[in-house]
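Single-letter residue listing:
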Amino acid sequence: GAVVSQHPSWVICKSGTSVKIECRSLDFQATTMFWYRQFPKQSLMLMATSNEGSKATYEQGVEKDKFLINHASLTLSTLTVTSAHPEDSSFYICSARANQVRETNYGYTFGSGTRLTVV
Amino acid sequence: SQKIEQNSEALNIQEGKTATLTCNYTNYSPAYLQWYRQDPGRGPVFLLLIRENEKEKRKERLKVTFDTTLKQSLFHITASQPADSATYLCALDDYKLSFGAGTTVTVRA
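The structure contained in this document is the topic of the report that follows. (Residues numbered from 1 in each chain as written. Chains lettered and ligands numbered in written order. Predicted model: local features only at pLDDT ≥ 70, side-chain atom pairs only at ≥ 80, totals over all residues. Heavy atoms only, no water.)

## A look at a nonpolar patch on the surface
Residues and elements named next belong to chain A. Short version of the rule: Residues form patches when they are more than 30% accessible in relative terms and have no salt bridge. Like charges link within 9 Å. Nonpolar side chains (Val, Leu, Ile, Met, Phe, Trp, Tyr) link within 5 Å. The Shrake-Rupley method, run with a 1.4 Å probe, gives the accessible areas here. Residue values count only the displayed protein chains as cover. Note on definitions: salt bridges are taken to be side-chain nitrogens of Lys or Arg within 4 Å of carboxyl oxygens of Asp or Glu. By definition, any uninterrupted DSSP run of H or I lasting at least four residues is a helix, any uninterrupted run of E lasting at least two residues is a strand, and each is numbered from the N terminus. Residue exposure (1.4 Å probe, protein chains only): buried if accessible area is under 20% of the type maximum, exposed if over 50%, otherwise partly exposed.
On the surface, a nonpolar cluster with roughly 370 Å² of combined accessible area is contributed by Trp-10, Ile-12 and Val-119. Checked against the element boundaries, Trp-10 lands in strand S2 (residues 10-13). Trp-10 sits in the exposed class, given a relative accessible area of 58%.

Okay, structure coming up:
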């Protein structure tokens, strides 16, 4: 089945530094990947849609200069949290859909998530 | 934007019983509605997808219904087991997913 690998699984960084999170599709090509953020006891909130070879599309209220997304290949998307602050501490999750044809019985494949703690 | 409500934050049931979860949405009906399972500290795992022209879909002990008139989906776990304990998320698929807050199911042995 489709597998999405996300690294690191957790990271602690100092306030003001930048952190990069990688999301790889291991056995399929992902033209589109998605980045979510999840706060404790809350649902996943879509941050941006990452398209291979083009600029990401950010959801309303998400700062594109703070959350830099790069999708340079069909198997890799990265999210960089720049100048991180304690309020950026959250669970970040990426996802991709293996089959770009929507007439399937398969949903999206998610990475295992990255727990970011900014101190 | 869509408002997605899942009936309750938590559901506690006895092993062997059927758990029924509700997902309601407010605006247009999506072409697809999906259900995911999420364990603590993990990403969601896809369970079932149902199209707007389908009434019911089954997979092993899982069953999902989709009523576009009521703007509601029901998710059933039959013959529940302690291993089914997790948070279940409803998601509307409109070329990107919008999630409900989830219902945490705890199955007691």
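## Re the state of the cysteines
We count it as follows: Here, a disulfide means two cysteine sulfur atoms that sit within 2.5 Å of each other.
Counting across every chain of the model gives two disulfides over all chains. A disulfide bridge connects Cys-23 of chain A with Cys-94 of chain A, and the sulfur atoms are separated by 2.0 Å. Here the disulfide of Cys-23 of chain A and Cys-94 of chain A is right-handed, its torsion about the S-S bond being about 85°. Highlighted residues: Cys-23 of chain A in strand S3 (residues 19-25) and Cys-94 of chain A in strand S9 (residues 90-96), separated in sequence by 71 residues. As far as the burial class goes, Cys-23 of chain A and Cys-94 of chain A line up, both buried. Between the sulfur of Cys-23 of chain B and that of Cys-90 of chain B lies a disulfide, 1.9 Å long from S to S. Disulfide Cys-23 of chain B-Cys-90 of chain B: torsion about the S-S bond near -55°, hence left-handed. With Cys-23 of chain B in strand S3 (residues 19-25) and Cys-90 of chain B in strand S9 (residues 86-93), the pair connects residues that are 67 residues apart, well separated along the chain.

## Quick word on the interface of chain B and chain A
We count it as follows: In what follows, a contact means two residues having at least one pair of non-hydrogen atoms within 4.5 Å. N or O atoms within 3.5 Å of each other form a polar contact, as long as, within protein, one can give a hydrogen and the other can take it, and as long as residues adjacent in sequence are counted only when both atoms are side-chain atoms. When residue character is reported, Ala, Val, Leu, Ile, Met, Phe, Trp, Tyr, Cys and Pro are called nonpolar, Asp, Glu, Lys and Arg charged, and the others, Gly included, polar.
Tallying the contact residues gives 22 residues for chain B and 20 residues for chain A. At the junction of chain B and chain A, the tally comes to one salt bridge. The partner of Glu-59 of chain A in a salt bridge is Lys-96 of chain B, and the shortest N-O contact between them spans 2.9 Å. Our count for the chain B to chain A interface comes out at five residue pairs in polar contact (both at pLDDT 80 or more). Elements that contribute at least two residues to the side of chain B that touches chain A include exactly strand S4 (32-38), strand S5 (45-51), S9 and strand S10 (97-99) of chain B. The element best represented in the side of chain B that touches chain A is S4 of chain B, accounting for four residues. Across the side of chain B that touches chain A, the residue classes break down as eleven nonpolar, five polar and six charged.

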